[in-house]
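# Remarks on the overall topology
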Amino acid sequence: MTLKPSSFPTNSVSIISGTVSNLNNELLEYVNPEKPTHDHSSVYYQRFFVSKFNLGNLAVEAKFSTPMVVSDGDTLTVSGHQKGNGFQVLAYVNQTRQVSNHENWRVLGLGALFFLAVAVGLLNSELVAEGALVPKLFLLGFVGVAVYMGYRALLIREAISLLQN
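Residues numbered from 1 in each chain as written. Predicted model: local features only at pLDDT ≥ 70, side-chain atom pairs only at ≥ 80, totals over all residues. Heavy atoms only, no water.

Note on placement: Asp-74 falls in the loop between β4 (58-64) and β5 (75-83). A polar contact of 3.0 Å, which involves the side chain of Asp-74, links it to the backbone nitrogen of Ser-71. A polar contact is formed between the side chain of Asp-74 and the side chain of Arg-97, at a distance of 2.9 Å. Setting aside anything within four residues of it in sequence, one finds Asp-74 in contact with Gly-18, Thr-19, Val-20, Asn-94, Thr-96 and Arg-97. (Helix = DSSP H or I, 4+ residues; strand = E, 2+ residues; numbered from the N terminus. Polar contact = N/O pair within 3.5 Å; in protein donor to acceptor, adjacent residues only side chain to side chain. Contact = heavy atoms within 4.5 Å.)

Here it is in structure tokens:
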């Protein structure tokens, strides 16, 4: 198992390589509360594929919108950050199967810009200028979501660049 830290400002993204053992795949499925009871369309479901495994002696967890292409015994290089007692994967390369995957950081970046644009539009509204509390709370919420999405996009981008080096 090797560990390579990044040069990202927080130094939170790093690379780990090793052989997969104790693989456990799960499916988390969230149902939209507005789903009609008679409609079983997949539009109303949000699915996350969770893979928990060990790389060497380190516990690793990966949550992606598509299932990971990995099985016990595969040689894997993952890039991510420490989370609690384990390691949270942001991107991976499976050398055994010649497959790599990561979440779409561009969509997160565009989402952050959208929420920031909504916040700027709200900042210029008459209600915020008058000092109403609710628009200020919405403004704070939109800015918070934009900052989180932008930070997450930067983390994923850094994870991808570490795997490519």
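After that view, the rundown keeps rolling.
What follows concerns the side chain of Asn-101. Mapped onto the fold, Asn-101 is located in strand β7 (residues 99-102). Polar side-chain contacts of Asn-101 include one of 3.1 Å to the side chain of Thr-66. Those residues within four positions of Asn-101 in sequence are excluded, and the remaining contacts are Thr-66, Ala-91 and Tyr-92.

The next subject is the pattern of salt bridges. Counted by the stated rule, this structure contains four salt bridges. Residue Lys-52 pairs with Glu-26 through a salt bridge whose shortest N-O separation is 4.0 Å. Note that Lys-52 is positioned in strand β3 (residues 45-55) and Glu-26 in strand β2 (residues 14-31), a separation of 26 residues in sequence. Notably, a salt bridge pairs Lys-63 with Glu-61, separated by 3.9 Å at the nearest N-O pair. In this structure Lys-63 comes out as partly exposed when scored by relative accessible area, which is 36%. (Salt bridge = Lys/Arg side-chain N within 4 Å of Asp/Glu carboxyl O. Buried < 20%, exposed > 50% of the residue type's maximum accessible area, 1.4 Å probe, protein only.)

A separate point is a nonpolar patch on the surface. On the surface, Leu-116, Val-120, Val-143 and Val-147 cluster together into a nonpolar patch covering about 310 Å² of accessible area. By the secondary structure assignment, Val-147 is in helix α3 (residues 133-164). (Patch = residues over 30% accessible without salt bridge, like charges linked within 9 Å, V, L, I, M, F, W, Y side chains within 5 Å. Areas by Shrake-Rupley, 256 points an atom, 1.4 Å probe, with all protein chains shown as cover.)

Let us now look at unusual backbone geometry. Even without being a glycine, Asn-22 presents a positive backbone phi close to 55°. Mapped onto the secondary structure, Asn-22 falls in strand β2.

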